[in-house]
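Survey of secondary and tertiary structure
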Amino acid sequence: MQKKDIFVSDEELNVQRDFAQKVKEIANKKYGRPKANIRTFGCQQNVADSQRIMGMLKDMGYDFVDNSDDADLVIFNTCAVREHAEDRVFGNVGTLVHLKRRKPNTVIGLCGCMMQQEHISKRIKRSFPHVDLVFGTHVVHKLPEMLFKVLSGQGRIFENPDIDGVIAEKIPQVNDSKINGWLPIMYGCNNFCTYCIVPYVRGRERSRNPEDIIADLKEMVANGIKNITLLGQNVNSYDGGITFAELLRKCNEVDGDFVIRFMTSHPKDCSEELLYAMAECQKVEKHLHLPVQSGSSRVLKAMNRHYNRENYLSLVDKAKELMPDLMLTSDIIVGFPSETYEEVKETISLIEKVRYQSLFTFIYSKRKGTPAAEMPDDVSSTEKGKRFRELLAVQEKISEEICKEQVGKTYRVLVEETSRIKGNLYGRTLNNFIVEFEGSEDLVGKFAEIKITSGDTWIIKGKLKG
Ligand code: SAH
Ligand code: SF4
Ligand code: F3S
């Protein structure tokens, strides 16, 4: 695809702005001041999309409510990554039938990764007649037009074209947080790991221009956002004319006191250039989320991950050498088709070698349409559960040890929130520790120096330095 074809044209965006005005008029007549309830499932890509959905709705005159019962428009932004995620959505959509009966004028919409799948949107069409609007991940920017069609009585709308994907710039957004900001730098994934549905529902990799990213970053900083996460399924393959490492350096040069985080890094594309940029940029987190998935080279090959146990471990060694304070986290899948107990043991030994700060662990979930779904699997779910718990216990011990090792150190933390129960504050270090400490609420959104006094499994505690 030509790069210019990836971007949604200004003309198309103007068409959508006109539709937005029409929706505003209709919705106003129909509901008074219309209210929307947006519920987001899944990862930060969906969170970022929901912020744009809310931005467009705000322009269409909608206010936001936390409860679907009070809403004139309900939208679920869904995730397809595991079966459990999909089941939750089906359960929640089922219960909306009562709302629709009580308030037939309520518009019910479903979007996101699940809806990008043909078999799911067909099932919604057939079995959930109370759903008015279904749209996939590539047409989010067309929300005004789609909503106009629904509100002007053109029937149920299903729009999930199977395309490689687009980039729509200048879509307004609503960010509820005064401290955290999500900044997509690229969309889609080309990796086709054999277990994963994401490349099928998010399209091909496409990168935003560096100027657009930096402009968004500056705006966030000007708005007081302190913790900015650059987002992409595989940020290391960012290609906006410059590399991801170069982009990080540019972000680091932007004036202001803020933290730059990023996810996710695919080990196959994690370059030394990136590690040097991380080490040298003082605003960039000293934390690397580097999903390994498995510690067995045979399983990694079957997963189509394009690295093996040895490559991964040497990458980790290099990263630790360049950044002594570096913390690593990872994603792990247990129970990939045909994975043996010995192979899970290899994953456990890798965990012990790397010593992750924490892990996101998943039991393999079969995804329709992926190559792994066709692979024979002879391990019972009871056995997979047992292996999974064994792995978790090992990680828990390591996490606790790492937390205890922090005692005596002093960290600069960004104070993110207060605990309602104890009146304590929580902050995050550049290397991804959550620190609990006592202090005044005025510190929220600011940086503070904390001396660490104790460590539990997932959290460290400390005292404000006077
Ligand atoms: N792009 C990111 C991850 C996106 S999905 C990456 O490559 O690291 C987040 C995590 O969900 C994956 O890292 C993987 O551990 C897990 N996952 C994806 N598909 C899965 C499946 N079918 N079953 C279980 N876990 C899965
Ligand atoms: Fe899925 Fe692999 Fe792409 Fe990550 S890199 S989104 S796991 S296909
Ligand atoms: Fe789920 Fe889609 Fe993210 S499948 S994990 S919401 S990209």
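Residues numbered from 1 in each chain as written. Chains lettered and ligands numbered in written order. Predicted model: local features only at pLDDT ≥ 70, side-chain atom pairs only at ≥ 80, totals over all residues. Heavy atoms only, no water.

1. Points about the overall build of the protein
Along the backbone of the protein there are 14 helices and 19 strands. Computed over the C-alpha atoms, the radius of gyration of the protein is 23 Å, within 12% of the 23 Å expected from 2.2 N^0.38 for a compact globule of 466 residues. In terms of principal-axis extent, the alpha carbons of the protein reach across some 65 × 60 × 50 Å. A burial count over the protein gives 55% of its 466 residues as buried. Nonlocal contacts in the protein, meaning residues at least 24 apart in sequence, comprise 75% of its contacts between residues at least 6 apart. About 20,800 Å² of surface is accessible on the protein, with carbon and sulfur atoms providing 49% of the total. Charged side chains of the protein number 67 positive and 66 negative; the gap between the two group centres comes to 4 Å. (Helix = DSSP H or I, 4+ residues; strand = E, 2+ residues; numbered from the N terminus. Rg over C-alpha atoms; globule rule 2.2 N^0.38 Å. Buried < 20%, exposed > 50% of the residue type's maximum accessible area, 1.4 Å probe, protein only. Contact = heavy atoms within 4.5 Å. Areas by Shrake-Rupley, 256 points an atom, 1.4 Å probe, with all protein chains shown as cover. Lys, Arg positive; Asp, Glu negative; His and termini not counted. Charge placed at Lys NZ, Arg CZ, Asp CG, Glu CD.)

2. As for the site of ligand 1
Neighbouring ligand 1 are 15 residues; Tyr 195, Gln 233, Gln 293, Asp 331 and Ser 365 lie closest to it. Between Tyr 195 and ligand 1, the recorded distance is 3.0 Å, taken from a backbone N or O atom to a nitrogen atom. Residue Asp 331 places a side-chain N or O atom 2.6 Å away from an oxygen atom belonging to ligand 1. Those elements giving two or more residues to the shell around ligand 1 turn out to be strand E13 (327-334) and strand E14 (358-363). Tallied by class, residues from the shell around ligand 1 come to seven nonpolar, four polar and four charged. (Near = heavy atom within 4 Å. Polar contact = N/O pair within 3.5 Å; in protein donor to acceptor, adjacent residues only side chain to side chain. Nonpolar A, V, L, I, M, F, W, Y, C, P; charged D, E, K, R; others polar.)

3. Looking at the domain arrangement of the protein
We note that the domain assignment places domain 1 (3-159), domain 2 (180-404) and domain 3 (410-464) within the protein. Using C-alpha coordinates to define each centre, domain 1 is positioned 37 Å away from domain 3. (Domains from an automatic or database assignment.)

4. Here's the deal with the pattern of salt bridges
Applying the stated rule across the entire model yields 26 salt bridges. Between Lys 318 and Glu 321 there is a salt bridge; the shortest N-O distance is 3.9 Å. Remark: Glu 321 and Lys 318 occur in helix H12 (residues 309-322); sequence separation between them is three residues, near one turn of the helix. The class of Lys 318 is buried, set by a relative accessible area of 18%. With a relative accessible area of 58%, Glu 321 lands in the exposed category. (Salt bridge = Lys/Arg side-chain N within 4 Å of Asp/Glu carboxyl O.)

5. As for the environment of Cys 403
Position of Cys 403 relative to the elements: it lies in helix H14 (residues 381-405). Overall, Cys 403 belongs to the buried group, its relative accessible area being 4%. In this structure, the C-alpha to C-alpha distance between Cys 403 and Cys 270, residues 133 residues apart in sequence, is 26 Å.

6. Considerations on the sheet that holds strand E3 (residues 73-78)
Sheet strands associate in pairs through backbone hydrogen bonding, adopting either a parallel or an antiparallel arrangement. Read across the sheet, six strands follow the order E2-E1-E3-E4-E5-E6 without closing on themselves; strand pairing throughout is parallel. The open sheet is flanked by strand E2 (63-64) and strand E6 (157-159), the only strands paired with a single partner. Sheet analysis places strand E1 (residues 35-40) next to E2, joined by two bridges and oriented parallel. By the bridge assignment for E2, Lys 35 is matched with Asp 63. The strands touched by helix H6 (residues 143-151) within the sheet are E3, strand E4 (107-112), strand E5 (133-135) and E6, with E5 carrying the most contacts at an inclination of about 160°. (Pairing = 2+ DSSP bridges. Axes fitted to C-alpha atoms, helices over the stretch in contact; angles between N-to-C directions.)

7. Looking at helix H8 (residues 210-222)
For H8, with 13 residues, the first-to-last C-alpha span of 18 Å sits near the 18 Å given by 1.5 Å per residue. Taken together, the buried positions of H8 are occupied by Pro 210, Ile 213, Ile 214, Asp 216, Leu 217, Met 220 and Val 221. Buried residues along H8 cover an arc of 160° about the axis, so they all sit on one side. For H8, the exposed residues set more than 90 degrees away from the buried face come down to Glu 211, Glu 219 and Ala 222. Contact partners of the buried residues in H8: strand E7 (180-184), strand E10 (227-231) and helix H9 (244-253). Gly 224 sits one or two residues past H8 and shows a positive phi near 90°. (Expected span 1.5 Å × (residues − 1). Arc of directions from axis to C-beta.)

8. Overview of the sheet that holds strand E17 (residues 434-437)
Ordered in space as E15-E16-E17-E19-E18, the five strands form a closed barrel in which the pairing is mixed. Each strand axis lies, on average, 50° off the axis of its neighbour in the sheet, ignoring direction. Sheet analysis places strand E16 (residues 425-429) next to E17, joined by four bridges and oriented antiparallel. From the neighbouring strand, Tyr 426 faces E17, where its bridge partner is Glu 436.

9. Details of the packing of helix H2 (residues 10-31) against H6
Running from amino to carboxyl end, H2 crosses H6 at an angle of 35°, the nearest separation of the two axes being 7 Å. In the packing of H2 onto H6, the handedness of the crossing is left-handed. Counting all contacts with H2, which are made through Glu 12, Gln 16, Phe 19, Ala 20, Lys 22, Val 23, Ile 26, Ala 27, Lys 30 and Tyr 31, the residues of H6 involved are Leu 143, Pro 144, Glu 145, Leu 147, Phe 148 and Leu 151. (Left-handed = near helix turned anticlockwise from the far one by under 90°.)

10. A short note on the packing of aromatic side chains
Each aromatic ring pair is specified by the distance between its two centres and by the angle formed by the two planes. In total, this model carries nine aromatic pairs according to the counting rule given. An aromatic cluster is built from Tyr 195, Phe 336 and Tyr 364, whose rings are joined through pairwise contacts. (Phe/Tyr/Trp six-rings, centres within 6.5 Å; stacked < 30°, edge-to-face > 60°.)

11. Thoughts on the state of the cysteines
As enumerated under the stated definition, the model contains zero disulfides in all. Its sulfur unpaired, Cys 251 is 9.0 Å from the next cysteine sulfur, which belongs to Cys 281. (Disulfide = S-S within 2.5 Å.)

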